Amino acid sequence: MRSRVSEPAHKFGRSFTHLRPQKSATMQLSATVKKLAPSATIAAAAKAKELKSKGIKVHEFTLGEPDFITPEHIRQAAKEAMDAGHTHYTPSGGTLELKKAVRDAFERETGVSYDPSQVLVSNGAKHSIHNVLTAMCGPGDEVIIPAPYWVSYSALVELTGATPVIVDTSEESGFCLSAEQFEEAITDKTRLLMLNNPCNPTGAAYTIAGLEALARVAVNRGIPVLSDEIYDKLIYEGSEFKSFASLGEDVAKLTIVVNGVSKAYAMTGWRIGWTLAPTDLTKAMDNLQSQETSNPCSVSQCAAVVALNGPQECVADMLVAFSKRREYVLGRLAEIPNISLATPGGAFYAFFNVSHYFGKPLGSGKVVENASDFCTALLEDAHVALVTGDAFGAPGYVRLSFATNLDNLKAGFDALQGFLNP
Ligand code: PMP
Ligand code: GLU
C-alpha cells in the first residue's frame, strides 16, 4: 500500500526550492512529550551547575551519584577491553559474559538461580524500568507506586499511557508500604507494584517481615512486583536487606528485579543496568530494546563484568564512607529545630520535612509556602542545592543527597542553618 505515501518531489522533475510553504514551519510535539517534565533531580543539579558556572560556590546535594571515581581495577578493565577490540555491537540484550556475571552475583548473594536468558542488560537501571513498564503496561492499566517515590517512576508509567496509583506512606511507618495499603490499592486494572528497597528519596529499608507481608499479597492476588534494588549494597547498621525474588519460588515468578552498577560501584556514567525476570518478559523487553537502542555500550559491559566478578572491597570501603556521612548528616539534622525525618536505613539520602518553616521569613527575608519555593530560596540565598519533595510526591519535604564528602556537608549544613535562622 504505497499509494498514501507522497512521491519525492525530484521524481516529478521539481526541486524542493520550488515548493512554497503554505504557512510558517512548525514542529508538532506529540501529546506524550507535551505532558513530560524534565527529571526534577537532573533539573535541580543543572540549576546548581548554572550558578556554579557564574563563579558562585554552591553546596551541592542534589544528584544521587557517588562522588567517588569508579574503582581502578574496573577502569583498567575498560581500557583493556577497548584495546582488545570490544568496540563493536554486542547482542542487543547484553553479552552472555555479563548476563552470566549478573546471574552469578545474584546467586552468590541470594541463593536464587536464574538462567542467563532471564537477564536483560540495558543502558542503566532507568532504562530497565522503562523496558519493564513499556512491555507490561498500556492505556487503561494501573501501576501502584508507594509515595514518596523516585521522580522517574510516575513519569515512566505515564509514558506508557497507564495510570500511576500513588499510595502515600507515612514518616511514622518509616515510609514503608504496608500489606493492607497494597491490598487496598489493587483493582482489576492493576498490572504492577513498583517497590524500591532501599528507597530513593527516603532511604527507607524494608524489614524482611514487611517484605514477606507484601509478597503474600502479591502471590494471593497475582500482582507482579518490579523490585528496584539499585541501593541493595548501601544498607546501614541496624537495617537489613533481602531481595524480593528470594522470598520464595512463587514470589520469584512474579518478581522483576531491577539493579545495576551505578550506585554500588560508582559507575553512574557507564550506563549499565539490568533486569532478572521471567523468560517471556525478558524476550519481549529484548525485542523492544533491539528496536529502540540496540545494545548497551560494549566497553561498559566489559567493565561491569569485572565489577561483578572482581574484588568487592571497593563496595565495602565506599559503604564505610557513606556510613560516616550519614552519621554526620543525622547529627546535624538533629540540631535543627522543627524538622522531622524517618532515619534512612539505606541508600544515601536524608528526606526531611521543612514545612514548619513555611510562612516565616527565611534567609534574606523571603517567605515561602511550599518545598519547591523553599529549595529555590535556599539556592538563591544560601547557595545550598536540595531537591524538592514535591517531585517525589511528598509536599513539605526536601531531599539531601549525602553522596558527597564531609567538608561539603559541613559547609552546606552551616549555610542551611544560617538560612533557617536568619
Ligand atoms: N532506581 C532508583 C531508585 C534510582 O535512584 C536510580 C538513580 N538514577 C535508578 C533507578 C537508575 O539508575 P541508573 O539508571 O543510573 O542505573
Ligand atoms: N537517581 C539519581 C537521583 O535520584 C540520579 C538522577 C536521576 O536519574 O534522576 O538523584
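Residues numbered from 1 in each chain as written. Chains lettered and ligands numbered in written order. Predicted model: local features only at pLDDT ≥ 70, side-chain atom pairs only at ≥ 80, totals over all residues. Heavy atoms only, no water.

Asks: Tell me about the pattern of salt bridges, and please be specific about residues and values.
Replies: Under the definition given, this model contains 13 salt bridges. The salt bridge involving Lys366 is made with Glu380; its shortest N-O contact spans 3.1 Å. Taken as a pair, Lys366 in strand β12 (residues 366-367) and Glu380 in helix α13 (residues 371-382) lie far apart in primary sequence, 14 residues in all. It is possible to trace a salt-bridge network through shared partners that takes in Arg332, Glu335, Lys410 and Asp414. (Salt bridge = Lys/Arg side-chain N within 4 Å of Asp/Glu carboxyl O. Helix = DSSP H or I, 4+ residues; strand = E, 2+ residues; numbered from the N terminus.)

Asks: Outline the site of ligand 1, listing residues and values.
Replies: In the region of ligand 1, the neighbouring residues are Gly124, Ala125, Lys126, Trp150, Asn196, Asn200, Asp228, Ile230, Tyr231, Ser262, Lys263 and Arg271. Between ligand 1 and the protein, one listed contact pairs an oxygen atom with a backbone N or O atom of Ala125 at 2.7 Å. (Near = heavy atom within 4 Å. Polar contact = N/O pair within 3.5 Å; in protein donor to acceptor, adjacent residues only side chain to side chain.)

Asks: With reference to specific residues and values, describe the site of ligand 2.
Replies: As a structural note, the neighbourhood of ligand 2 is formed by Ser39, Thr41, Leu63, Gly64, Lys126, Trp150, Asn200, Lys263, Tyr349 and Arg399. One of the side-chain nitrogen or oxygen atoms of Arg399 is found 2.8 Å away from an oxygen atom of ligand 2.

Asks: Pulling in residues and values, what's your account of the sheet that holds strand β2 (residues 119-122)?
Replies: With mixed pairing, the seven strands of this open sheet are ordered in space as β2-β8-β7-β6-β5-β3-β4. Looking at the sheet topology across the chains shown, the edges are occupied by β2 and β4 (163-168). Averaged over all pairs of adjacent strands, the angle between their axes in this sheet comes to 20°, without regard to strand direction. Across six bridges, the pairing between strand β3 (residues 142-147) and β4 is parallel. Within β4, the position partnered with Ile144 by the bridge is Val165. Sitting on the sheet, helix α4 (residues 96-110) is in contact with β2, β7 (255-260) and β8 (273-276), with an inclination near 115° to β2. (Pairing = 2+ DSSP bridges. Axes fitted to C-alpha atoms, helices over the stretch in contact; angles between N-to-C directions. Contact = heavy atoms within 4.5 Å.)

Asks: Describe in detail the pairing of β2, supporting the description with residues and values.
Replies: Burial along β2 is two-sided: Val119 and Val121 facing one way and Leu120 and Ser122 facing the other are all buried. Pairing analysis gives four bridges linking β2 to β8, with the strands arranged antiparallel. Residue pairing across strands places Leu120 opposite Thr275, the latter belonging to β8. (Buried < 20%, exposed > 50% of the residue type's maximum accessible area, 1.4 Å probe, protein only.)

Asks: Any details on the environment of Phe61? Residues and values, ideally.
Replies: Note that Phe61 resides in the loop between β1 (59-60) and α3 (72-83). On the accessibility criterion, Phe61 (1% relative accessible area) is buried. Between the alpha carbons of Phe61 and Ala48 there is a distance of 9.3 Å; along the sequence they are 13 residues apart.

Asks: Kindly report on α4, identifying the contributing residues and their values.
Replies: If you check α4, its first and last C-alpha atoms are 21 Å apart, about what 15 residues at 1.5 Å a residue would give, namely 21 Å. For α4, the complete set of buried residues consists of Leu98, Lys99, Ala101, Val102, Arg103, Ala105 and Phe106. On its buried face, α4 is in contact with β2, β7, β8 and α11 (298-309). Gly111 sits one or two residues past α4 and shows a positive phi near 80°. (Expected span 1.5 Å × (residues − 1).)

Asks: Could you give me a rundown of the side chain of Ser300, with the residues and numbers involved?
Replies: Within the secondary structure, Ser300 sits in helix α11. The contacts of Ser300, once residues within four sequence positions are left out, are Trp270 and Ile272.

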